[in-house]
Amino acid sequence: VKHAKATGRTEVYHPQAFTIARAQFAMETALRRAIEQEQLHLAYQPICDLSSGRIVSFEALARWRDAEGRMQSPTDFIPVAEESGLIVPLGRWAVQQAVAHLAQWDARAGGNCGVRMSVNVSAIQLHRDAIPTLVDRVLADHGMKGDRLTLELTESAIVGDPDRVSTIMAALKALGVTVAMDDFGTGYSNLAYLQKLPIDILKIDRSFVTGMLADRDKIAIVRAILGLAQALGMKTTAEGIETIELGQTLAALGCTYGQGYAYARPLEPDAAWAMIAAQA
Ligand code: C2E
Ligand code: MG
Ligand code: MG
Ligand code: MG
C-alpha cells in the first residue's frame, strides 16, 4: 500500500481491490466444488399469461447454498462463473436439471403438463458451448419436443460474430425452441438485431417494471418496448411485477406475460408442481 501511494497507482494496489479479487477467487474455488458435488439446485418461478392468469412457463433460477449453509445470490456467483468458465458446466447442468424436472411434471400429469420451461443461457456459454447440440440431446433423453423449452438470452449474447449468432439461433429455431431476449432495454442499444434474429419474446427488464406506476419515465419506456414488440410480431414478458395492480395495468397495455413476486417467488420443484396441478 505504501508503494501504491508513492506511485499514485492506488487502483492497482488498493487493499480493497485485493480483498475483492481474493474473495472472487475463493468463490470460484467453492463454486467449482459445488458444481462437481452437485450442490446447486434450481428454483422455478411462474410466468403467467397476463390476460388469462394461467401459468404458461417456469423460469429455472440457479440457487447455491454454500458449505457454510449460506445462500449465495446468482447475481454474485453467475458473474464469477462467467469469468472463470464455470458457466459452461453450470449451464449444461441447468438445462439438464430443468428439462428433467419438466419431464417429471409431465409424468405426474400423465402427459404434457401444460407449461414450458425457461432456462437462462449466458453470452459466454452461448459462444463457448454447442448449445443447440446440448439442447437437442437433453430433449431427446426425455423424449420431449423443443416447443416445451424457452432459452433466455441477454443482448450481450448477440454482440460479436453476427453470422455465428444467427447460425446458433437458426439451429435453436429448427429444434422448435422459443428464444426470449432477457433484461431487454439494459444492454446493447443497436436495435438492428431485432429484425435479423429470430427472437420470439422481449423480456422487459425489472428495472423498468417495478415501481412503474409511480414513474412516468418508466411507463414511457415500457410502452415503447411493448409497441416495438407488437410492431415486430413478438410477445412480451414483464419481469419484477410486485403488485397485482401493476400486472393488470401491464395486461391493459398489451403485455403478453408477466412474472414477479405478486404471483409467486421462485419455488422448490414440488411447490411448482402443486401450482401446475392446481390449474389443471
Ligand atoms: P433474470 O434471468 O433476469 O431472472 C429474474 C430475476 O428477478 C431472478 O433473480 C428473480 O428471482 C428476480 N425476480 C423475479 N420477480 C421479482 C420481483 O417481483 N421482484 C424482484 N425484486 N425480483 C424478482 P435471481 O434468481 O436472483 O437471478 C438473478 C440473475 O442471475 C438472473 O436474472 C439471471 O441473469 C442469472 N441467473 C440465474 N440462474 C441462472 C442460470 O442458471 N444460468 C445463467 N446463465 N444465469 C442465471
Ligand atoms: Mg432470465
Ligand atoms: Mg430477466
Ligand atoms: Mg433481470
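Residues numbered from 1 in each chain as written. Chains lettered and ligands numbered in written order. Predicted model: local features only at pLDDT ≥ 70, side-chain atom pairs only at ≥ 80, totals over all residues. Heavy atoms only, no water.

Describing the coordination of the magnesium ion (ligand 3)
Right, on to step 1. Looking at the magnesium ion (ligand 3), the protein donor atoms are Asp182 (OD), Asp183 (OD) and Glu239 (OE), and they sit 2.0 to 2.7 Å from it.
Right, on to step 2. Each donor residue of the magnesium ion (ligand 3) belongs to the same chain, with the gaps between them written as D-D-x55-E.
Right, on to step 3. For the pair the magnesium ion (ligand 3) and the magnesium ion (ligand 2), the metal-to-metal distance amounts to 3.7 Å, and Asp182 bridges them. Of this pair, Asp183 sits in strand E6 (residues 178-184) while Glu239 is found in strand E8 (residues 235-239), placing the two residues 56 residues apart along the sequence.
Right, on to step 4. For Asp183, a relative accessible area of 26% corresponds to the partly exposed category. (Donors = N, O, S within 2.8 Å, 3.2 Å for Na, K, Ca; no water. Helix = DSSP H or I, 4+ residues; strand = E, 2+ residues; numbered from the N terminus. Buried < 20%, exposed > 50% of the residue type's maximum accessible area, 1.4 Å probe, protein only.)

Some words on helix H8 (residues 162-174)
Right, on to step 1. Taking 1.5 Å per residue, 13 residues should reach 18 Å; H8 reaches 18 Å between its end C-alpha atoms and fits that length.
Right, on to step 2. Of the positions making up H8, those classed as buried are Val165, Ile168, Met169 and Leu172. Summarising the axial view, the buried residues of H8 lie within an arc of 95°, below the 170-degree limit, and thus occupy one face. Among the exposed residues of H8, those pointing more than 90 degrees away from its buried face are Asp163, Thr167 and Ala174.
Right, on to step 3. Close packing links the buried residues of H8 with helix H6 (123-128), helix H7 (131-141), strand E5 (149-154) and E6.
Right, on to step 4. Two to three positions downstream of the cap, the backbone nitrogen of Asp163 sits 3.3 Å from a side-chain oxygen, assigning the N-cap of H8 to Asp161.
Right, on to step 5. Just past H8, the residue Gly176 takes up positive phi, approximately 85°. (Expected span 1.5 Å × (residues − 1). Arc of directions from axis to C-beta. Contact = heavy atoms within 4.5 Å. Polar contact = N/O pair within 3.5 Å; in protein donor to acceptor, adjacent residues only side chain to side chain.)

Brief notes about the state of the cysteines
Right, on to step 1. Counted by the stated rule, this structure contains zero disulfides.
Right, on to step 2. No disulfide involves Cys48; its sulfur sits 11 Å from that of Cys255, the nearest cysteine. (Disulfide = S-S within 2.5 Å.)

On their own, these measurements won't tell you what the molecule is for.
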